[in-house]
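One letter stands for each residue in the lines below.
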Amino acid sequence: MTTETEREAIIQHAHFNLFKVNAQDVLIDLLTDSGTGAMSSEQWAAIMRGDESYAGSQSFQRFESVVQDIFGFKHVIPTHQGRAAERILFSVMCKEGSVVPNNTHFDTTRANVEYTGAKALDLVIDEGLDPKSLYPFKGNMDIEKLKDIIEKYGAENIPLCMITITNNSGGGQPVSMENVKNVKAVLSEFDIPLYFDAARFAENAYFIKHREEGYADKTIKEIVREMMSYGDGCTMSAKKDGMANIGGFLCTNDDLTAQHEKDLLILTEGFPTYGGLAGRDLEAVAVGLQEVLDESYLHYRISETRYLGEHLSEIGIPILLPPGGHAVYIDAKALLPHIPPLQYPGQSLSIEMYRVGGIRTVEIGSVMFGKVDAESGIETPSEMELVRLALPRRTHTQSHIDYVIEVMRKIYKSKDELSGYKITKQPTFLRHFTAEFKPV
Ligand code: F0G
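Here's what I pulled together on the structure shown here. Keep in mind that what you see is a predicted model, and the values were worked out from it rather than measured.

With respect to burial, strand β8 (residues 248-252) is a largely interior element, five of its five residues being buried. Summarising the sheet, strand β2 (residues 75-79) and β8 pair through five bridges and their orientation is antiparallel. Across the sheet, Val76 pairs through a bridge with Cys251, a residue of β8. Bridge analysis of strand β7 (residues 233-237) against β8 gives five bridges, and the strand direction is antiparallel.

Dropping the structure here:
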């Protein structure tokens, strides 16, 4: 526990950047749902039988068979987390001039695509860009936009297409099975492989079960298997729906691609039966992947997010609707219209949430995505100014969430008194992690 006075000193000392605040000074940490969940007794038990053989460990065999059983892909390549899988996939499949469409690329995905000299394009449907739209599958890819870019760039320059489930950068919104089938149909015509960024695959399947016709009687696993059957492979951050603190993998059905990927893996991650992880980590992921398919768990998970979102809406706080799977996103531009985008309304709100309630969140707006022109120094703000409240898995009780709601109620009453911030120091890229601020 910390007091408001203590937190005022802490945040000032951290130069108003929540990434610089120590975890013990945070009461409720909603910075991310990545690797921050609680592992189950079964996962901890499995960790105890980790087989740390360098090659061919039993832990890998168990991990591989679980991944194949759920996802159905031929080759399973372990990596230390999602972005390592991305780096290897795009290094093998892309080159200068390639184009990779996605509903919305997550920031590491975009960065890894661009690092190979390729272009990363976001083709989410228009509803996905409208914070107020209640469309049930706001993560869907726009089929017409996909056809247009294939025509514009040529299928020969599109080595793969990605679909992110759920669409994190678009508010944790799901993708429908129908949309995946339609994307696949277009891609098949041009022989373009489809890969899933499957970080939150089980949450996406839960939304399909409850929102899409024809899936109410199917199990989560059946829905996942069907979705993956339209794909040629996937990348996975097991820190999300893998329910583990660390881990990831890369899957493909293509033998030659798998061979190239394993060669690269050995270069930087490790031998293909551990890929930068300990055998015990593979065990934790194998168990977590089975636990995440439990419908009562998913019911609790999605209800918790919805509960938080609905209560914030009731207070009058504008959020990205409907609440997503893993997080609630507050529209700080709408909540604090008196703070101009380049005085970072999202940063202001997230600092106030820490000051008033010890709650840590992350700004997803102009601090993260604002572009500073290298020559003129002129800054262009981001399209949206959001604050993400990400919920770690199996971590909070309803009273924790109620506490967050109470803090937000208090902030709402004095929101017009909040002021903006200016950046006093920043690195040349990924500035949100280390930038320093001052109140305006
Ligand atoms: N893809 C998506 C959709 C993600 O949300 C993330 C990570 C990654 C890939 C990369 O995985 O972290 O294991 O390397 N998202 C975290 C977040 C960091 O806070 O949303 P990673």
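Strand order in the open sheet made by the five strands is β2-β8-β7-β6-β5, with mixed pairing throughout. Only two strands of the sheet have a single neighbouring strand rather than two, namely β2 and β5 (161-164). With direction set aside, neighbouring strand axes in the sheet form an average angle of 15°. The pairing of β5 with strand β6 (residues 194-197) spans four bridges and is parallel. Pairing of Ile163 across the sheet is with Phe196, part of β6.

For helix α1 (residues 4-13), the set of buried residues is Arg7, Ile10 and Ile11. Angularly, the buried residues of α1 cover 95° about the axis, an arc narrow enough to put them on a single face. Every exposed residue of α1 that faces more than 90 degrees away from the buried side is listed here: Thr5, Gln12 and His13. Those residues of α1 that are buried are in contact with α14 (345-357). His15, located one to two residues past α1, shows a positive phi value of around 55°.

Rules used throughout
- Residues numbered from 1 in each chain as written.
- Predicted model: local features only at pLDDT ≥ 70, side-chain atom pairs only at ≥ 80, totals over all residues.
- Heavy atoms only, no water.
- Buried < 20%, exposed > 50% of the residue type's maximum accessible area, 1.4 Å probe, protein only.
- Helix = DSSP H or I, 4+ residues; strand = E, 2+ residues; numbered from the N terminus.
- Pairing = 2+ DSSP bridges.
- Axes fitted to C-alpha atoms, helices over the stretch in contact; angles between N-to-C directions.
- Arc of directions from axis to C-beta.
- Contact = heavy atoms within 4.5 Å.

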